[in-house]
Amino acid sequence: MISIVLLIVGMAAVTYPVRVSTWLGKGHIPHRLKQALAYVPTAVLTAIVVPTVLFQHDHLALDWRNAQLIGAIVTGLIVWRTRHLLWGIGGGLVVFGVWQWLF
Amino acid sequence: MDNTVSSVPAAATGPAAGFWQGARDTLPMLVGAAPFGVIFGTLASTAGLPVWATMMMSLVVFGGSSQFVAVTLLASGASIPVIVATTFIVNLRHALYSATLMPHVQVISKPLRAFMAWFLTDETFAIVYHKVDSGEPVRVGSYYMGSASAMYSNWQFWTAVGIAIGQSVPGIAGWGLEFAMVATFVGIVVPLLKSRSQVAAALSAGAVALLANGLPYKLGLMAAAFAGIAVGMAVASAEGKPS
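Model, not experiment: these values are computed from the prediction. (Residues numbered from 1 in each chain as written. Chains lettered and ligands numbered in written order. Predicted model: local features only at pLDDT ≥ 70, side-chain atom pairs only at ≥ 80, totals over all residues. Heavy atoms only, no water.)

## Here we look at the overall build of chain A
Part 1: Each helix and strand in chain A was counted, giving 5 helices and 2 strands.
Part 2: Going from the N terminus to the C terminus, chain A shows its helices and strands as α-α-α-β-β-α-α.
Part 3: On C-alpha atoms alone, chain A measures out to a radius of gyration of 19 Å, which is more than a quarter above the 13 Å that the 2.2 N^0.38 rule sets for 103 residues.
Part 4: Its C-alpha atoms give chain A principal-axis dimensions of roughly 55 × 40 × 25 Å.
Part 5: The long-range share in chain A, meaning contacts at least 24 apart out of those at least 6 apart in sequence, stands at 28%.
Part 6: Of the accessible surface of chain A, which amounts to about 5,600 Å², a share of 70% is contributed by carbon and sulfur atoms. (Helix = DSSP H or I, 4+ residues; strand = E, 2+ residues; numbered from the N terminus. Rg over C-alpha atoms; globule rule 2.2 N^0.38 Å. Contact = heavy atoms within 4.5 Å. Areas by Shrake-Rupley, 256 points an atom, 1.4 Å probe, with all protein chains shown as cover.)

The following block contains the structure:
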């Protein structure tokens with residue numbers, strides 16, 4: 001309970017200052033930070049997705065029976081071809097569900 | 001917000017009109033955010049977050065992607081410092097937004113600006129920036145708060161709907177719905193991979209995440225994120241162009 005409050009307060013405590021900083025300060029951010037920010041979504045989200053998808057029950061599951069892997073590939077392909085995020089998520093979820101049911 | 005002066009002196013509308021205009025222009029974003037609010041609310045309980053904490057997170061953090069990341073990490077047993085640090089990195093992009101809007105909000109008093117900043121999101125930034133960039137006269141403060149209020153109440157509402165679904169559908173935790181988070185992240189990353197440096201960032205982050213998966217408290221995530229950012233920047237500077 002206390003740890004959950006700490007978690008949420010901690011998340012807010014690192015989020016709000018970032019939002020308000022340039023409006024209360026000098027109003028610009030360093031060039032290097034701006035460059036680094038371009039890679040944050042790619043790096044962080046890939047770092048979360050790859051182990052989540054590839055490790056199933058603490059084992060590397062690099063095979064076609066891995067429903068998360070197949071679903072993630074389907075989502076990736078749909079978004080790549082259509083540029084439509086929600087279709088990609090929906091399509092991936094459907095394939096993931098079917099795969100889980102099959103195997 | 002009556003003392004809010006527009007950045008464009010000839011703003012013809014009053015504060016209330018500006019507020020409604022901002023809310024109205026945000027409507028498509030509300031529809032887009034709704035499913036994510038529902039997914040977050042539904043999955044938070046399966047990740048072990050109590051109802052009050054799920055609602056509290058939407059109320060005080062109010063950052064969709066960081067909330068998604070937090071719930072995913074919580075379910076995988078990450079420690080609080082790692083989740084908070086990841087939240088910081090994920091939400092750092094907001095500095096870019098407020099810096100970009102700075103010339104337009106400078107006329108607004110600092111306390112009011114400090115209040116407004118609480119509600120800064122990707123969507124409100126996009127809507128407000130589009131408006132001020134168009135050169136149309138607008139009361140920036142009211143317009144911003146109109147957009148932000150719409151986003152904020154929308155996010156709370158759909159979070160609550162998600163919680164209700166998570167609570168009322170028996171056995172929903174076993175459906176493998178956490179895959180919705182994975183699919184969302186994949187769908188966000190794929191369109192970003194349009195330059196060599198972005199692909200390099202993804203490959204190195206993925207590789208380090210796999211190699212460092214055994215590290216405790218999900219510290220491997222931090223290592224992988226920093227590796228991806230560093231490699232992306234290195235490749236971009238080797239190519240002699242930004243991003």
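Now that the structure is up, let's keep going.
## Regarding the UniProt feature "transmembrane region" (unreviewed entry) in chain B
All names here are of chain B.
Part 1: UniProt's entry tags residues 36-61, 68-92, 172-192 and 221-238 with the feature "transmembrane region" (unreviewed entry), counted in the numbering of this structure.
Part 2: Across residues 36-61, helical content stands at 81% and strand content at 0%; the span's end C-alpha atoms are separated by 15 Å.
Part 3: Secondary structure content for residues 221-238 is 100% helix and 0% strand, while the C-alpha to C-alpha distance between its ends is 25 Å. (UniProt positions renumbered as here; feature names shortened; annotations may be inferred.)

## Some words on the pattern of salt bridges
Residues and elements named next belong to chain B.
Part 1: All told, the structure shown has 4 salt bridges over all chains when counted by the stated rule.
Part 2: A salt bridge links R93 to D122; the shortest N-O distance between them is 2.7 Å. Taken as a pair, R93 in helix α6 (residues 93-105) and D122 in helix α8 (residues 122-134) lie far apart in primary sequence, 29 residues in all.
Part 3: D122 gets classed as partly exposed once you look at its relative accessible area, which sits at 29%.
Part 4: We note a salt bridge from E136 to K131, for which the minimum N-O separation is 2.9 Å.
Part 5: Its relative accessible area of 41% is what places E136 among the partly exposed residues. (Salt bridge = Lys/Arg side-chain N within 4 Å of Asp/Glu carboxyl O. Buried < 20%, exposed > 50% of the residue type's maximum accessible area, 1.4 Å probe, protein only.)

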